[in-house]
Amino acid sequence: MKYDYLIVGAGLYGAVFARQAMDAGKRVLVIDRRMHIAGNVYTEAVEGIHVHKYGAHIFHTNDRRVWEYITRFAEFNRFTNSPVANYRGELYSLPFNMYTFNKMWGVVTPQEARAKIDEQRREITGEPRNLEEQAISLVGRDIFEKLVKGYTEKQWGRDCKDLPAFIIKRLPVRLTFDNNYFNALYQGIPIGGYTKLVENLLAGIEVRLNSDYLQDRAQWDALAEKVVYTGPIDAYFDYSLGALEYRSVRFETELLDMPNFQGNAAVNYTDRETPWTRIIEHKWFEFGKDAQGNDLPKTVISREYSSEWKLGDEPYYPVNDAKNGELYQRYKALADREEKVVFGGRLGEYKYYDMDQTVAAALALCEKIL
């Protein structure tokens, strides 16, 4: 059988494209080199808890069209992302808000908080030359030292003085008592987990897992008129111009025989000495309840360790500096010459997409080519 579209990657981008293509009457085959669908949003059930296998994923968007589209395939709960920062045993609210400033300085009013930040920002004169100066110019020295510096250096594996200022151009500073991390109209977690959501997107569509497109490209290409490729763009071209850089993440996940480990879905460890960047307690994404609304007696936690990506690791975050941006543009020029293959998604476009942006980009591609 000849397919109209071969979709390489059963993650969110590939699944949305596949759904739209199928609904448009196209013959579609989806393949993935992993043993499961849903890419990095994959969740698996452990003791009734939907564990985010590749890190925390919280759907949030201001795009009503995207929200209305994605909620056709799952009902979402009302989870609100309110992380906590742990600095050597001191706990602070994130994003930076009046709770944070009160704990940090004892200030009570927005005017006092603003005055304190303004006083500390003055040490940076002129245009910030690096991330450290940029952060201090936005939130002052105290917050930088306790809540930005260690976390950022662990995340990027570099000193803040060696990181470009643009990475932290916007640090949310709220002079209100608002712990909602995202400024999004719509926010939540799919009830039943993300895997269920992607299963619903792929309903009735042929999916082949454990299938590596790049190992047998000619055979796969022969099956379809067009290919939508969501893998790494540099891998597609056999790294002929060199490898694009990523940050990767390693997870240590534990099932604990206790009902509550940290009382919050996400706790960031912002000191430099703690080796992990944060601990996720997965049950709190669904309020610690099972599908019947019963309290869950056990809990699952994941410690996250940020690392430099190397071949064979899972790529997570593109390193969007000038050098990598230039290399990507050279790969994109090669990609634009490919008549049969369309490149999309976080790896195919070497772009950090939030989930709503992934859905929007896939829908835009559908409108363009279907």
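Everything that follows concerns the structure shown earlier in this document.
All values reported here derive from a predicted model rather than from experimental measurement.

This part covers the side chain of Thr152. Relative to the elements of secondary structure, Thr152 occurs in helix H6 (residues 141–156). Given the relative accessible area of 8%, Thr152 is considered buried. With near-sequence residues (within four places) excluded, Thr152 lies in contact with Leu131, Cys160 and Leu163.

The next subject is the packing of aromatic side chains. Under the criterion given, the structure shown has 25 aromatic pairs. When the ring of Phe59 is compared with that of Trp67, the centres are 6.2 Å apart and the planes differ by 45 degrees; the resulting orientation is tilted. Classification of Phe59 by relative accessible area gives buried; the value is 1%. Pairing Tyr246 with Tyr350 gives two aromatic rings, centres 5.2 Å apart and planes at 80 degrees, and the pair type is edge-to-face. Linking Tyr246 in strand E11 (residues 246–256) with Tyr350 in the loop between helix H11 (345–348) and helix H12 (355–369), this pair joins segments that are 104 residues apart in sequence. The pair Tyr246 / Tyr350 is uniform in exposure class, with both members buried. Three or more aromatic residues link up through ring pairs in this structure, and these residues are Tyr213, Tyr229, Tyr236, Phe237, Tyr331 and Phe343. Taking the ring centre of Tyr92 as reference, the NZ or CZ of Lys103 above it sits at 5.2 Å.

Let us look at the pattern of salt bridges. Scanning the model with the defined rule gives 31 salt bridges in all. In this structure, the salt-bridge partner of Lys146 is Glu90, at a minimum N-O distance of 2.9 Å. Of this pair, Lys146 sits in helix H6 while Glu90 sits in strand E7 (residues 90–93), and the two are 56 residues apart along the sequence. The network of salt bridges with shared partners includes Glu123, Glu132, Arg141, Glu145 and Lys161.

Time to look at the pairing of strand E2 (residues 28–31). The side-chain alternation of E2 yields two buried faces, one formed by Val28 and Val30 and the other by Leu29 and Ile31. For the crossover that starts at strand E1 (residues 3–8), traverses helix H1 (residues 12–23) and ends in the parallel E2, the hand is right-handed. One ladder, built from 3 bridges, connects E2 with strand E9 (residues 206–208); its direction is parallel. Among the inter-strand pairings, Leu29 is bridged to a residue of E9, identified as Glu206.

Reading the values: the criteria
Counting of residues starts from 1 at the beginning of each chain's written sequence and follows it residue by residue. Only residues with pLDDT of at least 70 are given local features in this predicted model, and only at 80 or more are side-chain atom pairs given and counted; all residues enter the totals for whole chains, interfaces and linings. By convention in this description, side-chain values take in all heavy atoms of the structure and omit both hydrogens and water. We count a stretch as a helix when DSSP gives it H or I for four or more residues in a row; a strand needs E for two or more, and each element gets its number in order from the N terminus. Only protein chains enter the calculation, and the probe is 1.4 Å; a residue is then buried if its accessible area is under 20% of its type maximum, exposed if over 50%, and partly exposed in between. Residues count as neighbours in contact if any of their non-hydrogen atoms are within 4.5 Å of one another. By convention, a stacked pair of Phe, Tyr or Trp rings (six-membered ring in the case of Trp) has centres within 6.5 Å and planes under 30 degrees apart, an edge-to-face pair has planes over 60 apart, and any other such pair is tilted. Comment: the charge-over-ring label is applied if NZ (Lys) or CZ (Arg) is within 6 Å of the ring centre and within 35 degrees of the ring normal. Whenever Lys or Arg places a side-chain nitrogen within 4 Å of a carboxyl oxygen from Asp or Glu, that contact is recorded as a salt bridge. Look down the strands so they point away from you; if the path from the first strand over the helix to the second goes clockwise, the crossover is right-handed. Two strands qualify as a pair provided that DSSP identifies no fewer than 2 bridges between them.

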